[in-house]
Amino acid sequence: MDGSDDCLPEDEELISLPSLRPYYRSLDRESVKNCLCGKHLPPAEQMSARVSRIARFGKRLSDDERFDFFRFNEQEAQFVVLDDEAKKKGMQKLMRVLAAERLKDQVSALEQSVSVLKEASRPIAVLDAYCYVHNLRLVKGWLTSRSCIIVVSSEAIDALDRMKKGDESINVRAREAIRYLEQRFRYRSDCLIAQKTEERVIGWSSDGYVGENHDVFVPKPYRPVLACSLHYQTHVAPSAIDGTDVPFALVTDDAELRGVAQAAGVVVRSVGEWAKLLEGRGRKRRR
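From a predicted model like this one, the values you see are computed outputs, not experimental measurements. (Residues numbered from 1 in each chain as written. Predicted model: local features only at pLDDT ≥ 70, side-chain atom pairs only at ≥ 80, totals over all residues. Heavy atoms only, no water.)

Time to look at the overall build of the protein chain. The helix and strand tally for the protein chain stands at 11 helices and 9 strands. Burial analysis of the protein chain (287 residues in total) assigns 43% to the buried set. When contacts within the protein chain are restricted to residue pairs at least 6 apart in sequence, long-range pairs at least 24 apart make up 64% of them. For the protein chain, the computed accessible surface area is about 16500 Å², with 53% contributed by carbon and sulfur atoms. (Helix = DSSP H or I, 4+ residues; strand = E, 2+ residues; numbered from the N terminus. Buried < 20%, exposed > 50% of the residue type's maximum accessible area, 1.4 Å probe, protein only. Contact = heavy atoms within 4.5 Å. Areas by Shrake-Rupley, 256 points an atom, 1.4 Å probe, with all protein chains shown as cover.)

Turning our eyes to something else, we now look at helix H6 (residues 136-145). Taken together, the buried positions of H6 are Leu136, Val139, Trp142 and Leu143. Summarising the axial view, the buried residues of H6 lie within an arc of 120 degrees, below the 170-degree limit, and thus occupy one face. Looking at the residues trailing H6, positive phi occurs at arginine 146, about 55 degrees. (Arc of directions from axis to C-beta.)

Turning our eyes to something else, we now look at the nonpolar core. The biggest cluster of nonpolar side chains holds 34 residues, and the ones touching the most others in it are Leu127, Tyr132, Trp142, Ile150, Leu160 and Trp274. Ranked by residues supplied to this core, first place goes to helix H8 (residues 169-186) with 6 residues. Excluding residues within four positions of it along the chain, tryptophan 142 makes contact with Leu127, Ser147, Cys148, Ile150, Val271, Trp274, Ala275 and Leu278. Judged by nonpolar contacts, the second largest core, of 25 residues, contains Val210, Cys228, Ala261 and Val266. (Core = buried A, V, L, I, M, F, W, Y, C linked by side-chain atoms within 4.5 Å.)

A word on the packing of H6 against H8. Where H6 contacts H8, the axes come no closer than 11 Å and their chain directions differ by 10 degrees. Between H6 and H8, the interaxial angle falls into the category roughly parallel. The two elements H6 and H8 meet at a crossing, and its hand is right-handed. Contacts between H6 and H8 involve Leu136, Lys140, Leu143 and Thr144 from the first element and Glu176, Ala177, Tyr180 and Arg184 from the second. A class-by-class count of the residues in the contact of H6 with H8 yields 4 nonpolar, 1 polar and 3 charged. (Axes fitted to C-alpha atoms, helices over the stretch in contact; angles between N-to-C directions. Parallel < 35°, antiparallel > 145°, perpendicular 65-115°, else oblique. Left-handed = near helix turned anticlockwise from the far one by under 90°. Nonpolar A, V, L, I, M, F, W, Y, C, P; charged D, E, K, R; others polar.)

This paragraph deals with the layout of surface pockets. Taken as a whole, the second largest pocket spans an internal volume of roughly 790 Å³. Asp5, Asp6, Arg137, Lys140 and Thr144 are, among the 32 residues lining the second largest pocket, the residues nearest its centre. Going through the elements one at a time, helix H2 (29-36), helix H3 (43-63), helix H5 (129-134), H6 and H8 are the ones with two or more residues in the lining of the second largest pocket. Among the residues forming the lining of the second largest pocket, the class breakdown is 7 nonpolar, 12 polar and 13 charged. (1 Å grid on protein atoms, 1.4 Å probe; cavity = no way out; pocket = protein on both sides within 12 Å on 5 of 7 lines; lining within 4 Å. Points joined across faces, edges and corners; volume = space filled by probe spheres on them.)

For the rest of this paragraph, the subject is the side chain of serine 229. As for its position among the elements, serine 229 is in helix H9 (residues 223-236). In contact with serine 229, not counting residues within four places along its chain, are Val126, Phe248, Leu250 and Val266.

The 5 strands are arranged S5-S4-S3-S8-S9 in an open sheet whose pairing can be described as parallel. One side of each edge strand has no neighbouring strand; the edge strands of this open sheet are strand S5 (192-194) and strand S9 (268-269). Where strand S3 (residues 124-127) meets strand S8 (residues 248-251), 4 bridges bridge the pair, whose relative direction is parallel. Pairing of alanine 125 across the sheet is with alanine 249, part of S8. Together, S3, strand S4 (149-152) and S5 form the strand contacts of H6, whose direction differs from that of S4 by roughly 125 degrees. (Pairing = 2+ DSSP bridges.)

Evaluation of the coordinates by the stated rule reveals 2 aromatic pairs. When the ring of tyrosine 23 is compared with that of tyrosine 24, the centres are 5.1 Å apart and the planes differ by 70 degrees; the resulting orientation is edge-to-face. For tyrosine 23, a relative accessible area of 25% corresponds to the partly exposed category. (Phe/Tyr/Trp six-rings, centres within 6.5 Å; stacked < 30°, edge-to-face > 60°.)

So, on to the confidence of the model for the protein chain. Residues with a pLDDT of 70 or more make up 81% of the protein chain, whose mean pLDDT is 83. In this model residues 115-119 is a low-confidence stretch, pLDDT under 50, and it forms 8 contacts with partners more than four residues away in sequence or in other chains. (pLDDT = per-residue confidence, 0-100.)

Let's shift gears to the pairing of S4. Because side chains alternate across S4, one face comprises the buried residues Ile149 and Val151, and the other comprises Ile150 and Val152, equally buried. In this structure, S3 lies alongside S4, joined through 3 bridges in parallel fashion. Directly across from valine 126, in S4, lies its bridge partner valine 151. Examined bridge by bridge, S4 and S5 share 3 bridges and lie parallel to one another. Bridge assignment links isoleucine 150 to a residue of S5, and that residue is leucine 192.

The backbone of arginine 146 shows a phi angle near 55 degrees, a positive value even though the residue is not glycine. Assignment of secondary structure puts arginine 146 in the loop between H6 and S4.

If you want it as structure tokens, here you go:
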């Protein structure tokens, strides 16, 4: 469980203390610089960072053998009480109730945000699961700067859930991505939305082929993310600002997925291309 690497307003008075220097060296340097210059995160971002720090502190306590009353379950990504089955079941029940209430809140917020997406000037991106795993820092930057709207497809969530199990580096990164998305969804943001069940457009024939000559087969694993992309590209994405603007893209570094997506009529960009596009849009706004 990783804590937030963002610097907070309350850190300003503590950052010069010798005993805390190792910790503050671990924070994002740009975030520390901005904090010292008085450029603080939005309130919701600050709250998310504080919650993340508390969770990391709890994880460290659970790893300490001197504290034998609770542990952190890596597989289920939650804290559990030891040797107290009743408390454990009660906590699990409470977590299910809280999760259900949070889901209701998220659905309500998403219904409101989707209605105004067409008027938004920010481009929309559907990211494949590996973007969250290998480029989470970039994703955090896009959301923090509000430079684009990120749609979390159902396929990305399912893929991250499959990848989180294990002890390899990719499993650890998948769990980190899941925790980050859960934290961000906890606080309403019009820059991060989850795909709804009905938000799908099928762009291939009944036998799974696309292309001008009906010669490109769409593998079943790719179909959910392509259906999500076609919906947002066709029905939600804003109009282009100029001839070079890209108001929507499926962002992936998977060469095979890129080829199939292009044949299906989906606008595709690599992670690097999307980052460069957003940087260019940011420069235009500052002029």
